[in-house]
Structures are given as structure tokens and as C-alpha cells.
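So you can see what is in the structure, the chains are spelled out below.
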Amino acid sequence: MFVAFEGLDRCGKSTQSRLFCKYLEDSGIKHVFVREPGGTELGEKIRVIELTQDMCDKSELLLFLASRAQLVESVLSVVDDEVVVVADRFIHSTLAYQGYGRGIDLGVIRMLNDFATGGMKPDLVFLLDIQIYDMMSRMKNKDRIEKEDVKFWERVRAGYLEMAEQEGFVVIDGTKNEEEISNEIIGIFEDRWMMHQREEMMHHR
């Protein structure tokens, strides 16, 4: 299974993805954790550039996609089928930030996402949803993207919620305490994981 954590900056997804990986480890479930942008030597260099250097919107989009292509090619495409992939951001971040946020055509982004990933998509997406003022209150040292104005963040959040409705993300209240959120995520995953295992068994009969 491929599980992705999505949401606004400072929504808690990085914390929850780490807690989820700890649960997988404690449960003896093989897994691999990746983050975007990043996850490879090239991707981590792109991450630094993305968060520190001024650039036009198209350059920003293409750099994110370059990092993703490298991640899929060198890490995700060679992962064993029995391993759970956990991603701190994936394709929907690009649609939310560069599509809804920056206003780049969503059809173009979907096409480029498919090109970069070979059509790879998460099986389960957890969207940690917080209000814009909650996000702003959690920000201390802001990177280049975090310095965007409130209207940008409103578009990004609206985009995430629209995709959640269209694609069936699990939307979680990101203002609840860490343990409560983690338990909710684990409970939902366990139901999906059992279903996934049954489907795999049926497939191999």
C-alpha cells in the first residue's frame, strides 16, 4: 500500500507520518518513508533550492516534478510489493500549491504528474486540515513558500478540500492533539490494510 500525508504547511503531517512509521515498525509491517521534495540526494538539493531561491511559478512546478521523478525512479519503483510506502507529500501537493495556489492549469499539472510518476498514485491519502489562522500561528522562521499571503493559503486549502471530496481522501481535524490524530489514522489504516490483504489473497488465488 501507498499512504500519503497531505495538508497545509505546519498542519502536523510530518509529525503524524513519523508516528505512523513508528506504529508500522512496532507492528512488524515493512515500510519505507519518503518526503517531498526530497527523498533522494538530488531531491534534497532541489528542496533547498525550492525553499530558499526566488523563481517563477513554472520553474517551481518543474523543480518539484524533477524531484518527484527521481524519487519514483530510484526509490518507489523498486520497492517490494509487500512494503507499505509512507510519503510526506506527493502528487496532490503540487495540484494544491502550484495548481490551486499559483493558478497553473490543473490539467497540465495532472499530465506532468503522470509523466513524472508513471501514473503512480497513493492508495490512501490522509489530509490534515487546519484553518489558515492556525497555520499562521504555528509559523516561526518562514521559508520562501511560507511567506505567501493569506489569499494564497486560502486557495491551497480550498483546493485540498475540493480534491478530498472528489477523490475520497480521509480528512482529519489537524487541531486535535497528536495522540488522538495518530490513533484515528492507525484505526483507518488497519481497516484498509485488512481489506488490501484480502484483495491480494483473492488476486493470487
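Residues numbered from 1 in each chain as written. Predicted model: local features only at pLDDT ≥ 70, side-chain atom pairs only at ≥ 80, totals over all residues. Heavy atoms only, no water.

> Please give an account of the overall build of the chain that cites residues and values.
Across its full length, the chain carries eight helices and five strands. Each helix (α) and strand (β) of the chain, taken in turn from the N terminus, gives the series β-α-β-α-α-β-α-α-β-α-α-β-α. Against the compact-globule benchmark of 17 Å for 205 residues, the chain has a radius of gyration of 17 Å, which places it among compact chains. The principal-axis extent of the C-alpha atoms belonging to the chain is close to 50 × 35 × 30 Å. Split into buried and exposed, the 205 residues of the chain put 47% on the buried side. (Helix = DSSP H or I, 4+ residues; strand = E, 2+ residues; numbered from the N terminus. Rg over C-alpha atoms; globule rule 2.2 N^0.38 Å. Buried < 20%, exposed > 50% of the residue type's maximum accessible area, 1.4 Å probe, protein only.)

> Which residues make up the pairing of strand β5 (residues 170-173), and what values do they have?
Here β5 shows one buried face, formed by Val170 and Ile172, and one open face, formed by Val171 and Asp173. Of the strand pairs in this sheet, strand β4 (residues 124-129) and β5 are connected by four bridges, and their pairing is parallel. Among the inter-strand pairings, Leu128 is bridged to a residue of β5, identified as Ile172. (Pairing = 2+ DSSP bridges.)

> Let's hear about the side chain of Ser182: which residues, and what values?
One can find Ser182 in helix α8 (residues 178-204). With relative accessibility at 10%, the residue Ser182 sits in the buried group. Those residues in contact with Ser182 that sit more than four places away from it in its chain are Gln16 and Leu19. (Contact = heavy atoms within 4.5 Å.)

> Just give me the short version of the nonpolar core, but keep the residues and values in it.
Nonpolar side chains in soluble globular proteins tend to end up buried together. Residues Phe20, Leu76, Phe126, Trp153 and Phe189 are the most contacted members of the largest nonpolar core, which totals 57 residues. For this core, the leading source of residues is helix α7 (residues 150-167), giving six residues. Excluding residues that lie within four positions of it along the chain, Phe189 makes contacts with Met1, Val3, Phe20, Tyr23, Leu24, Ile29, Val84, Leu124 and Phe126. (Core = buried A, V, L, I, M, F, W, Y, C linked by side-chain atoms within 4.5 Å.)

> Mind laying out the packing of aromatic side chains, listing which residues take part and the relevant values?
Pairs of aromatic rings are described using the distance from one ring centre to the other and the angle between the two planes. By the definition in use, this model includes eleven aromatic pairs. Plain terms: the ring middles of Phe5 and Phe20 are 5.8 Å apart, the flat faces sit at 55° to each other, and that makes the pair tilted. Placement of the pair is Phe5 in strand β1 (residues 2-7) and Phe20 in helix α1 (residues 13-26), with a sequence separation of 15 residues. Classification of Phe5 as buried rests on a relative accessible area of 0%. (Phe/Tyr/Trp six-rings, centres within 6.5 Å; stacked < 30°, edge-to-face > 60°.)

Geometric values such as these leave the question of function open.
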